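Each chain is listed here by its residues.
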Amino acid sequence: MSGRTAGADPGEVTGERRQLLNGAYRLLGSLAEAEDAVQEAYARWYALPDPRRDEIASPGAWLTTVTGRVCLDVLGSARARRERYVGAWLPDPLPGHPGRPAGPSCDPADQLVLDESVTMAFLVVLEAMTPAERVAFVLDDVFRYPVAEIAGVLDRTPAACKQLAASARRRVRDGSPAPAGGQAETVRRVKEAWEAKDIAALVDLLDPAAVMTADGGGLAGAALRPVAGGAHIARYMAGIADRAPGLELLERPVNGTAGLVARRAGTVLTVAAFHLAADSRVARIWVVRNPEKLRGWAEDGAPSAR
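Below is a short write-up of the structure. For every chain, the first residue of the written sequence is number 1, and numbering continues from 1 along that sequence. Local features in this predicted model are restricted to residues of pLDDT 70 or higher, and side-chain atom pairs are both shown and tallied only at a pLDDT of 80 or more, whereas totals for entire chains, interfaces and linings draw on every residue. Where side-chain values are given, they derive from all heavy atoms of the structure, hydrogens and water being excluded.

Thoughts on helix α8 (residues 147–154)
(1) Moving on: Burial classification: accessible surface area is computed with a 1.4 Å probe over protein chains only, and a residue below 20% of its type maximum counts as buried, one above 50% as exposed, and the rest as partly exposed. Each helix corresponds to a stretch of at least 4 residues labelled H or I by DSSP, and each strand to a stretch of at least 2 residues labelled E; elements are numbered beginning at the N terminus. For α8, the set of buried residues is I150, A151, V153 and L154. Along the long axis of α8, the arc covered by the buried residues comes to 160°, so they all point the same way.
(2) Moving on: On its buried face, α8 sits against α5 (59–83), α7 (131–142) and α9 (158–175).
(3) Moving on: Once α8 ends, the next one or two residues include D155, with phi positive near 55°. Picture the helix axis, draw a direction to every C-beta atom, and the arc is the one those directions span. The contact criterion used is simple: two residues touch if any of their non-hydrogen atoms lie within 4.5 Å.

With respect to unusual backbone geometry
(1) Moving on: A positive phi is found at R144, a non-glycine position, where the angle reads about 55°.
(2) Moving on: The residue R144 is located in the loop between α7 and α8 in this model.
(3) Moving on: We note that A265 has phi near 50°; this positive angle belongs to a residue other than glycine.
(4) Moving on: The topology assignment puts A265 in the loop between β4 (257–264) and β5 (267–276).
(5) Moving on: Taking relative accessible area as the criterion, A265 reaches 79% and is therefore assigned exposed.

Some details on the sheet that holds strand β6 (residues 282–288)
(1) Moving on: Two strands are said to pair when DSSP picks up at least two bridges between them. Across the sheet, six strands lie side by side as β2-β1-β6-β5-β4-β3; this open sheet has mixed pairing. In the strand order of this sheet, the two ends are held by β2 (227–228) and β3 (248–254), each with one partner.
(2) Moving on: As judged from the six bridges shared by β4 and β5, these two strands associate in the antiparallel manner. Within the sheet, the bridge partner assigned to G259 lies in β5 and is A273.
(3) Moving on: Contacts between helix α12 (residues 230–243) and the sheet are confined to β1 (206–215), β2 and β6, with β1 contributing the most and set at about 50° to the helix. Throughout, an axis means a line fitted to C-alpha atoms (over the contacting stretch in the case of helices), and angles, computed between N-to-C directions, take values from 0 to 180 degrees.

Structure (structure tokens):
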């Protein structure tokens, strides 16, 4: 997140945007909020008097610090907002695959690098952290930002920032196990079993302790509480198949890993991300149905050109 620039060349300053957006999305889990945070940082940069901008040796570091502070403020207020959210709140799902090159599109989603630090499993663990832990961890572990400069973002001592990052690291280690292999094949089999309304096959594919969490945001039908247990999830999924004539499932990458997209009459209604247990059975399913979080998905489940 901390791209370095020499001087205040406008092109180099503008070139920081992609790196800043990547960091802000990981910090906030919301593409719209991440874009707003980066825009706010640039607004503050251009509001500086010219002599003050000329004094800043590393505009990239300055922009990163300001973006980080904006994100910290947003995370603080987000906790109160999410307590009022209808049902479970999940991060925005992103279309695409690891290593997707950024193209000329102005769509913010096209500027995000998809790797293990944006999987839904990883982002959900980040949501359980305090705002300060999340900022310290993302800047330290994901972007290798110098601890002295993380201290500047958090307005804490370097020692305190190291402690925050260590605490966050333990949370990640305990709450986000390494993904099992064969996810694409397992997701494909889930799709086939769902289409066949084969509850027995779904039960076989789901870990007995699996949990499914859905995010409708009060704008789309979704279970308000997590559905726990492989058998319960299988019956729930089969029930949806019975109640959703004309619904089509597509295999699509979601946040860098194999997932499913459901659409009807060409409109994407649901995006599902998965995490597998060590035996390659599905341990977690995250289902996003809030239409405000699906704006980056085109009608065929691919990235929107907007």
